[in-house]
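Below, each chain spelled out in residue letters.
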Amino acid sequence: MPPYAFFHKQFMPLAEAKIGILTHALHYGTACFDGIRGNWNDEQQQLFLFRVKDHYERMYKGCRILKINLPYSVDELCQLTTELVEKSGYREDVYIRPLAYKSSEAIGVRLHDLEDDFLIIVATLPAYLDAEKGVRCCTSSWRRIDDTMIPARGKITGIYVNSALAKTEACERGFDEAILLTHDGHVSEGSGENIFVVLGGKLITPPSSDNILMGITRDTVIQLARRELGIETVERQVDRSELYIAEEAFFTGTAAHVSPIVEIDQRPVGSGEAGKLTKELQRLYFQAIQGKIPKYLDWCTLAYSKLVKTGHS
Ligand code: PMP
């Protein structure tokens, strides 16, 4: 089966889905996207799409900020996504990328008087960060964009120049990932992940006012910590120096899953290995996203209405 895309209101082979070189979003970053995971469960021969509705609700908010009119309701977007994945027939983990964009072929910086369009792509995604060994980080010399510059609560394509500058700087300096600080020096997030620290036994993560994307994985971990371990997460400002004295730290993200941070600015985090609470939350998270905890099945959408046939049956 060729990879399919949903493009111009229909399903078509990905290879045929093309946009023109004058497309507004390509020139000005005027698009809003999301990233959704489909997680393959081998025992059940089923792909579980994780929190699809929550992703589209977030995308809707981003579209409001960018004055993009989505021609579908959240429920219709969920339905289109499931259909696309089912058509594509993957039997492994997938990454789904919906994108709503200013599609007019027009020169001129603005949000008004432009056409909008919407597409969905489904693809495989190799491991984004090393969730086993852990991640080595540096704080970035780039600061996180502020809500008064481009609102971070929207997954707006133009914002990702900020992330790309930080990620490449970190990689070129020999690290795996960057941690961005806000303009006034508080910890914000990674280039594509939210961050948590364990300090004095407390689970702490920066608040939305520190210019983070309100991550679905972040919310998942907060809920798992509360409901499974009885641990409340404290959402508060985090100082850079608190990163150096934390017992544990980890990233969360759809691409990054729950990934332990083992080093920050050439200082080991805790013992320099994945922490106990991090590992426990990571275990619960992987179980939940693969549809293995009945209590959390309402987070999952089954991609295949019928069970997929295995090669041998
Ligand atoms: N922050 C940024 C900047 C991101 O790009 C992402 C990935 N979407 C996240 C945080 C994590 O969000 P989520 O858990 O919803 O994928």
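Peer 1: Before we go on, may I ask you to explain the domain arrangement of the chain in this structure?
Peer 2: What the domain assignment lists for the chain is domain 1 (4-125) and domain 2 (135-289). The gap between the C-alpha centroids of domain 1 and domain 2 is 25 Å. The interface is formed by 22 residues belonging to domain 1 together with 20 residues belonging to domain 2. Summed over both sides, the interface of domain 1 with domain 2 buries roughly 1,700 Å², with 65% coming from carbon and sulfur. Across the domain 1-domain 2 interface, the total number found is one salt bridge. Our count for the contact surface shared by domain 1 and domain 2 stands at ten residue pairs in polar contact (both at pLDDT 80 or more).

Peer 1: When you look at the site of the ligand in this model, what are you seeing that I'm missing?
Peer 2: Lining the immediate environment of the ligand, one finds 16 residues, of which Tyr160, Glu189, Ile216, Thr217 and Thr254 sit closest. Within the side chain of Glu189, one N or O atom sits 2.7 Å away from a nitrogen atom of the ligand. In the complex, the protein chains occlude 96% of the 390 Å² of accessible area that the ligand would expose alone. A molecule is said to occupy a pocket when more than half its atoms come within 2 Å of that pocket's grid points, and by this definition the ligand occupies the largest pocket. The set of elements that each furnish at least two residues to the shell around the ligand consists of helix H5 (216-229) and strand E14 (248-253). The residue makeup of the shell around the ligand, split by class, is three nonpolar, eight polar and five charged.

Peer 1: Mind showing me how you'd approach the packing of helix H2 (residues 52-65) against helix H3 (residues 74-88) here?
Peer 2: If you want to describe how two helices pack, look at the angle between their axes and the distance between the axes. For the pair H2 and H3, the least separation of the axes is 9 Å and the interaxial angle reads 125°. The angle between the axes of H2 and H3 places the two elements in the oblique class. In this structure, the crossing between H2 and H3 has a hand that is right-handed. Contacts from Val52, Lys53, Tyr56, Glu57 and Tyr60 of H2 reach H3 at Val74, Asp75, Leu77, Cys78 and Thr81. Grouping the amino acids of the contact of H2 with H3 by side-chain chemistry returns six nonpolar, one polar and three charged.

Peer 1: Got a minute to help me understand a nonpolar patch on the surface in this structure?
Peer 2: Together, Ile21, Leu22 and Ile107 make up a nonpolar patch on the protein surface, roughly 340 Å² of accessible area in all. Note on placement: Ile21 falls in the loop between strand E2 (10-13) and helix H1 (24-28). Take Ile21: its relative accessible area is 72%, and that puts it in the exposed class.

Peer 1: What's the story with the pattern of salt bridges in this structure? I'm lost.
Peer 2: Note that side chains of opposite charge can pair when their charged atoms are close. A complete count under the given rule lists 14 salt bridges for this structure. Its salt-bridge partner being Glu235, residue Arg218 comes within 2.7 Å of it at the nearest N-O pair. Linking Arg218 in helix H5 with Glu235 in strand E13 (residues 233-235), this pair joins segments that are 17 residues apart in sequence. What makes Glu235 partly exposed here is its relative accessible area of 42%. A salt bridge links Arg240 to Asp265; the shortest N-O distance between them is 3.1 Å. Here Arg240 is found in helix H6 (residues 240-245), whereas its partner Asp265 is found in the loop between strand E15 (257-264) and strand E16 (267-268), with 25 residues between them in sequence. A relative accessible area of 11% places Asp265 in the buried class.

Peer 1: Could you clarify how one ought to interpret helix H7 (residues 276-289) in this entry?
Peer 2: Every α-helix carries 3.6 residues per turn, so stepping three or four residues along brings you back to the same face. With 14 residues, H7 should reach 20 Å at 1.5 Å per residue; the first-to-last C-alpha distance of 20 Å fits that figure. Restricting attention to buried positions, one finds in H7 the residues Leu277, Thr278, Leu281, Gln282, Leu284, Tyr285, Ala288 and Ile289. Just past H7, the residue Gly291 takes up positive phi, approximately 70°.

Peer 1: I tried to follow the pairing of strand E1 (residues 4-7) on my own but got confused; where do I start?
Peer 2: Within a regular strand, side chains alternate between the sheet's two faces. The side-chain alternation of E1 yields two buried faces, one formed by Tyr4 and Phe6 and the other by Ala5 and Phe7. Across four bridges, E1 lies against E2 in antiparallel orientation. Directly across from Tyr4, in E2, lies its bridge partner Pro13. The hairpin turn running from E1 into E2, its antiparallel successor, is two residues long, and His8 in that turn takes a positive phi close to 50°. Two strands pair when backbone bridges link them, and E1 and strand E7 (residues 116-123) are joined in this way by two bridges, in the antiparallel orientation. Among the inter-strand pairings, Phe6 is bridged to a residue of E7, identified as Ile120.

Parameters and conventions
- Residues numbered from 1 in each chain as written.
- Predicted model: local features only at pLDDT ≥ 70, side-chain atom pairs only at ≥ 80, totals over all residues.
- Heavy atoms only, no water.
- Domains from an automatic or database assignment.
- Contact = heavy atoms within 4.5 Å.
- Buried area = accessible area lost by both parts, 1.4 Å probe.
- Salt bridge = Lys/Arg side-chain N within 4 Å of Asp/Glu carboxyl O.
- Polar contact = N/O pair within 3.5 Å; in protein donor to acceptor, adjacent residues only side chain to side chain.
- Near = heavy atom within 4 Å.
- Areas by Shrake-Rupley, 256 points an atom, 1.4 Å probe, with all protein chains shown as cover.
- 1 Å grid on protein atoms, 1.4 Å probe; cavity = no way out; pocket = protein on both sides within 12 Å on 5 of 7 lines; lining within 4 Å.
- Sits in = over half its atoms within 2 Å of the grid points.
- Helix = DSSP H or I, 4+ residues; strand = E, 2+ residues; numbered from the N terminus.
- Nonpolar A, V, L, I, M, F, W, Y, C, P; charged D, E, K, R; others polar.
- Axes fitted to C-alpha atoms, helices over the stretch in contact; angles between N-to-C directions.
- Parallel < 35°, antiparallel > 145°, perpendicular 65-115°, else oblique.
- Left-handed = near helix turned anticlockwise from the far one by under 90°.
- Patch = residues over 30% accessible without salt bridge, like charges linked within 9 Å, V, L, I, M, F, W, Y side chains within 5 Å.
- Buried < 20%, exposed > 50% of the residue type's maximum accessible area, 1.4 Å probe, protein only.
- Expected span 1.5 Å × (residues − 1).
- Pairing = 2+ DSSP bridges.

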